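Structural description and commentary
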Amino acid sequence: MSTPLLAAKLYIPPPRPTAVDRARLIVQLNAGLHRKMTLISAPAGFGKTTLVSAWAAGCGRPAAWVSLDEGDADPARFLAYIVAALQTVHAGLGADVLEALQSPQPPPIESLLTLLLNAIAALPAPCVLVLDDYHSVDSQPVDEALAFLVDHLPPKLHLVIATREDPQLPLARLRARGQLTELRVADLRFTADEAAGFLTNVMGLSLSPEDIRALESRTEGWVAGLQLAALALQGAVTERGQDAARFIRSFSGSHHFVLDYLVEEVLNRQSAQDQTFLLRTSILDRLCGPLCDAVVGDLPGDGQARLERLERANLFLIPLDGERRWYRYHHLFAELLRVRSTKAQAAELPALHARASVWYEQQGEDADAIRHALASGDMDRSADLIERVWPQMDEMYQSNTWIRWVRALPDEVIQARPVLSLGYGWALLNMGDVDAAEAHLIDAEKWLDGRDPDELPADVVVVDEKLFRGLPGAIAGARAYRALTMGDTAAALIHAKRARELSARVDDPSYRQAVALTGVAYWANGDLEMADRALEEFRTTMLDAGVIHDAVGIAFILYDIRIALGRLTEALKSFDEALAIARQLGDPPPLSTQDIYRGLAALHIERGELDEAVTNLHTAETLVTVNTLNDWPYRLAVTQARMCEVTGDLDGALEHLEDAEHEYKPSPLPNVRPVAALKARVWTRQGKLTEAADWARTYGIAADMDITYLREFEALTLARLLIAQHRVDPRNGTLDTALELLDRVLCAAEDGARAGTAAECLMLRALATADHDGAAAALKPFRQALELAERAGFVQMFVDEGPPMVRLLTEADRHGITPTYTRRLLGAFDRGIAHTPPSAAQGLIEPLSDREMEVLELVAAGLSNAEIAERLFLALDTVKGHNRRIFGKLGVQRRTEAIARARELGLI
């Protein structure tokens, strides 16, 4: 071999004085010195060369370096460079090899490698050989020579290969034998601290922590991406005066810095077929072999094999599972591909999306099938898919997702489809938008005008004829729902009756809805006995019919009814039965299971069983359920507020009630305990009587108000306020007003057989009488209250009233009134009946999972839920679910409390 060697290729790039300290990676490289080889494999721009040069300067061994290029594909030339590099650390090493290479007829490469290996084995001290940019050498003979070298490498030499794609070496064998150290994309990407150090110290930018986190998230720690973004940001901020945060939000793969780099360093280096594959599959958020085969159409080759090859080539392809089935592109690379795809193959895009939609439909993945159908612009196919999935999504409480799809359809497409119009109306009803729903119910109804639903009109578009034939009953059910939401119980009962008549089959959702709505209408009317019987019959019927979801879901509604009826034991039995059914079904738990736990928490609070209440509320907060009823956050916040209230955290209670107020959405369920009244109760307990009085004025709550069932809670709240005002100023006459008001509420409660409400009335009346005439004078109504409450099992209701109640109970005990129960209530006061959060020394009852720890650390780092979702590639709702479980396990309510608690426990 007579071609001279280029000395510059043996030159070790000097460490950059301003480079980011990557101590964690240096530690890994040092730890790998006892193995044969270190492989650093990652796409362009991940700082491979910078890292190795920094490490080589301080690894404690002499290092030889070869910067390879396309010209080193000949094994003899490749070997000559290796020998020349080794001679920079051990003069004369392999001189005989170089001499043999220059002979007219060089010996076989293996013979020369053997000579070199023997010389290396005889070295007095170990050294390091770095082969940089090995991907440039596209040569099987060189791969074979390197494999021979690695197989027989003496312990005196440690080999480091830096490359954009994996070399053709027996990596699996080296890995299995513990002879290989690997650094890949996941290791090389900048951490948040490294990104901050790079942007601040190297690029000289002065960014807020939020901007740094956003930039690190946008680039996914890709070093070159961060540098390109920083360069662009320098120009934007210093030269054009742009806002940094706005620039970062707009930074994408279409930015010309990123685009130029990725096109030049990545895309243009691929074969024409690979470029076509990348552009066509850029429409996909996730990629797998069969899906790619379906989308790329006539492109030759197997999609799975191509994906695996592109991953080995480190082409910004990120595996999403351990089986290497699903992948995604790096975000910036994906954006680049989409920009290029839009320009290069705009006409093809609808067909690509259509093929993706068909593939997803065949796999039963409706959401992706619909998304791609909409992107293809085929609105008829999109409407078919959207209409077909409505019944399942409605039962799974997924109206919010479904309505986003249907809103993407043209009005004329929706209006031509009565079943789709009905679904649209129902979805709007579920979201509390009763006015908008009406228009779509009318659209559905017009197709029935004067027609036999068994005869499908020629001009109607229907996917499922069975659903069309059930349209009359379904519309009647929707109207019953709408009427109840608007407070028109009379109309609701009429529509519900019609829905039952038109459906008349227990397996028909319209029939089930109608039966349940009938019970709810009785509840809203204050006929709680009828409501209880109707809903209990509904529950039993659903159980017999195997409609478990509806049978389980009705339990929390029955609780609200039975607490007013003073039937806490029956409510507990219903919850226990529902929970037993839910447990038998296993994971995932049926929908509404979390509402059972929440209801149990509320029930145990009223029974004075706070430990059980805490446990159940914690379970409700942490139970993983993808979908919930729209008003679940409202009900949860109300129960959390009650828990805070009974444990003495009245400010916390008000905060939860603020949340509840925000989350409240109109629904058919009667609003028997309005949030505003709940807040007024807390204010009254806090002594903030002015705020409570403002509530009464604002909502027109006065002592002479009409007492209906739906106003009873507000009336009792006003009575408490009047009694409190009397205690502040006994001369103001409010006590007499309170007594008159309580008498009227008691009369209404007794007429309605609402024993729970009656017990509360009598208890308040006793308190008011005691304030006016002394405890002894109050014993008559108090005895009645105790007898009713004992049968029901109420405890917390008495504890809420504080010291005046202790005096009254003591007097009752002295007179032998319900002695066992009275002493139990006094015992509740003695115990303080407050839950004490576990102390730091107790640790956590249930440890945080790895994922929860990951989320907690990001919370502590100040990331928003959206930023955490983007960082961990999770859905936003999933992050919120993690937060709820973390808060529950830590026994806190807020992010700041979680961070403080975690630090207290030494978790972060």
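Here goes a summary of the coordinates provided. (Residues numbered from 1 in each chain as written. Predicted model: local features only at pLDDT ≥ 70, side-chain atom pairs only at ≥ 80, totals over all residues. Heavy atoms only, no water.)

Here the focus is the overall build of the protein chain. Within the protein chain, the secondary structure is distributed over 49 helices and 7 strands. By its C-alpha atoms, the protein chain is 120 × 75 × 55 Å across when sized along the principal axes. Within the protein chain, the fraction of its 908 residues that count as buried is 54%. Counting only contacts in the protein chain whose residues sit at least 6 apart along the sequence, the fraction spanning at least 24 positions is 67%. Surface accessibility of the protein chain: about 38800 Å² in total, with carbon and sulfur atoms responsible for 52%. Averaging the locations of the 93 positively and 127 negatively charged side chains of the protein chain gives two centres separated by 2 Å. (Helix = DSSP H or I, 4+ residues; strand = E, 2+ residues; numbered from the N terminus. Buried < 20%, exposed > 50% of the residue type's maximum accessible area, 1.4 Å probe, protein only. Contact = heavy atoms within 4.5 Å. Areas by Shrake-Rupley, 256 points an atom, 1.4 Å probe, with all protein chains shown as cover. Lys, Arg positive; Asp, Glu negative; His and termini not counted. Charge placed at Lys NZ, Arg CZ, Asp CG, Glu CD.)

This part covers the packing of helix α41 (residues 755–773) against helix α44 (residues 803–814). A pair of packed helices can be characterised by two numbers: the angle between their axes and the separation between those axes. The geometry of α41 relative to α44 is characterised by a closest axis approach of 10 Å and an angle of 90 degrees between their N-to-C directions. As judged from the angle between their axes, α41 and α44 are roughly perpendicular. Between α41 and α44, the contacting residues are Met 763, Ala 766, Leu 767 and Ala 770 on the first element and Pro 804, Met 805 and Leu 808 on the second. Grouping the amino acids of the contact of α41 with α44 by side-chain chemistry returns 7 nonpolar, no polar and no charged. (Axes fitted to C-alpha atoms, helices over the stretch in contact; angles between N-to-C directions. Parallel < 35°, antiparallel > 145°, perpendicular 65-115°, else oblique. Nonpolar A, V, L, I, M, F, W, Y, C, P; charged D, E, K, R; others polar.)

What follows is about unusual backbone geometry. Despite not being glycine, Asp 133 has its phi angle at roughly 60 degrees, a positive value. As for its placement among the helices and strands, Asp 133 is situated in the loop between β3 (127–132) and α6 (140–151). The class of Asp 133 is partly exposed, set by a relative accessible area of 28%. Its identity is not glycine, yet Thr 818 carries a phi of approximately 30 degrees, on the positive side. Checked against the element boundaries, Thr 818 lands in the loop between α44 and α45 (819–830).

The next subject is the pattern of salt bridges. Counted according to the given criterion, the structure contains 60 salt bridges. Note that Glu 661 and Lys 679 form a salt bridge whose closest N and O atoms lie 3.0 Å from each other. Placement of Glu 661 in helix α36 (residues 650–663) and of Lys 679 in helix α37 (residues 675–686) is noted, with a sequence separation of 18 residues between them. A residue is classified by how much of its surface remains accessible, and Lys 679, at 7% relative accessible area, is buried. For Glu 760, the salt bridge is made with Arg 681, and the minimal N-O distance between the two is 3.3 Å. Of this pair, Glu 760 sits in helix α41 while Arg 681 is found in helix α37, placing the two residues 79 residues apart along the sequence. (Salt bridge = Lys/Arg side-chain N within 4 Å of Asp/Glu carboxyl O.)

Side-chain direction in a regular strand flips from residue to residue, so the side chains alternate between the two faces of the sheet. Within strand β2 (residues 63–67), 4 of the 5 residues are buried, leaving the element largely enclosed by the surrounding structure. Strand direction decides the pairing type here: β2 and β3, joined by 5 bridges, are parallel. Note that in β3 the partner of Ala 63 across the bridge is Val 128. (Pairing = 2+ DSSP bridges.)

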